[in-house]
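# Structural overview for review
Chain residues, written in single-letter form:
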Amino acid sequence: MEDFKLKNGDHEEAIEKVLKNVKVQVGEKKRKKGDPKNNSASKKKKSQAPELIPADLDDVLGEAEDEPGSIENGDNAFEWMISPTSVSDFYKDYWEKKPLHIKRSDPSFYKTVFSTKAFDKIVREQRVLYGKNLDVTSYDGKRETHNPEGRVFPAVLWDFYNNGCSIRMLNPQTFHNGVWRLCSTLQDHFQNMVGANVYLTPPGTQGFAPHWDDVEVFMLQLEGKKHWKIYSPRSKEETLPRFSSGNFEQDEVGTPILEVDLEPGDMIYMPRGTIHQGNCLSDEHSLHITISAYQLNSWTDLLEKLLPAALTAASQEDLQ
């Protein structure tokens, strides 16, 4: 603001100059904040709908994605696991019907899934517990479990193994990313939970008595060789059972419908309820992994959970 020196009789002129100067400064401040007219235009512009980039939905929805979805990945993983048998032939001829043996003569086919080296690394570096994550077993006419308590220590475990005991890891997917990815991917194909067990058996031994399992089983041979005997269910009532069996005596299982040596890269599929037993040949160990699905996944299992809940809800609404 300018300085004004008042002289006698100049008061009105001085006041007029001051007010005029104030109006100029106020006007400048308003222009800095924005012209009211421009603000109204801006508000009007903001209230309008934004312009969107046009898209042809038919073209977008019709184009294939660059990367496959999870279900497609699951289908591809299952197709790989049972190849060269086609998926359609498998479900038509084998699924829940009869065992399938695939002989590949390709030791490297399942090489990336798991290994004895990976197993040893897990035991040395991670907290593996007897009974929860791992079992030590043997079978010589009688099935026995030799689990100590607590954590698995490598020296103790390998001493069991060197003395003829088999080792079963109950949930390798908890400790090994490759097995976890395979199970997780296959779940999108089967649309239910997929699990895994790993079995390491020393030469010339057998770890388990003849029995059947309550799951659909895919046995993938990773290392060494194992001799398998596969039996049909003993009766209609034991076909596709809901629960696993106990241990059978040799004279209770009958004659094998399939007897074969499983070598690296080979696979056997068994419907739930298929009686089986495997023993190692005297000249080499065996490492295989079982991929399992469809445990307690029948309509009976669903209704067994659903009906009691429905009855409870109904009784709470109507006590009569």
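This section reports on the structure supplied with the text.

Cut-offs used in this document
- Residues numbered from 1 in each chain as written.
- Predicted model: local features only at pLDDT ≥ 70, side-chain atom pairs only at ≥ 80, totals over all residues.
- Heavy atoms only, no water.
- Pairing = 2+ DSSP bridges.
- Helix = DSSP H or I, 4+ residues; strand = E, 2+ residues; numbered from the N terminus.
- Axes fitted to C-alpha atoms, helices over the stretch in contact; angles between N-to-C directions.
- Phe/Tyr/Trp six-rings, centres within 6.5 Å; stacked < 30°, edge-to-face > 60°.
- Buried < 20%, exposed > 50% of the residue type's maximum accessible area, 1.4 Å probe, protein only.
- Lys NZ or Arg CZ within 6 Å of the ring centre and 35° of its normal.
- Contact = heavy atoms within 4.5 Å.

## Observations regarding the sheet that holds strand E7 (residues 226-231)
- What the three strands build is an open sheet, ordered E8-E7-E10; its pairing is antiparallel. Of all strands in the sheet, those bounded by a partner on one side alone are strand E8 (258-262) and strand E10 (275-280). Across this sheet, the average inter-strand angle for adjacent strands is 20°, counted without regard to direction.
- Pairing between E7 and E10: six bridges, direction antiparallel. What sits directly across from Lys229, in E10, is Gln277.

## With respect to the packing of aromatic side chains
- Taken as a whole and assessed by the stated rule, the structure comprises 22 aromatic pairs.
- Centre to centre, the rings of Trp80 and Tyr110 are 5.5 Å apart; their planes meet at 90°, and the pair counts as edge-to-face. Separated by 30 residues along the polypeptide, Trp80 in helix H4 (residues 70-82) and Tyr110 in the loop between strand E1 (100-102) and helix H6 (116-125) bring together distant segments of the chain.
- Judged by relative accessible area, which is 2%, Tyr110 ranks as buried.
- With centroids separated by 6.0 Å and ring planes inclined at 45°, the aromatic side chains of Phe190 and Phe218 adopt a geometry described as tilted. Taken together, the residues Phe190 in helix H8 (residues 177-190) and Phe218 in strand E6 (residues 216-224) connect sequence positions 28 residues apart. Each of the two residues, Phe190 as well as Phe218, counts as buried.
- Taken together, the ring pairs in this structure connect Phe78, Phe90, Tyr91, Trp95, Phe190, Phe218, Tyr269 and Tyr294 into an aromatic cluster.
- Positioned over the ring face of Phe109 is Arg104, at 3.9 Å from the centre of the ring.

## Comments concerning the sheet that holds strand E11 (residues 286-293)
- Read from one edge of the open sheet, eight strands run E1-E9-E6-E11-E5-E4-E2-E3, paired in antiparallel fashion. Whereas interior strands pair on both sides, the edge strands pair on one side only; in this sheet they are E1 and strand E3 (143-145). Between one strand axis and the next, the sheet turns through 20° on average, direction left out of account.
- Where H6 meets the sheet, it contacts strand E2 (134-139), strand E4 (166-169), strand E5 (194-201), E6 and E11, and its direction lies at approximately 75° from that of E4.

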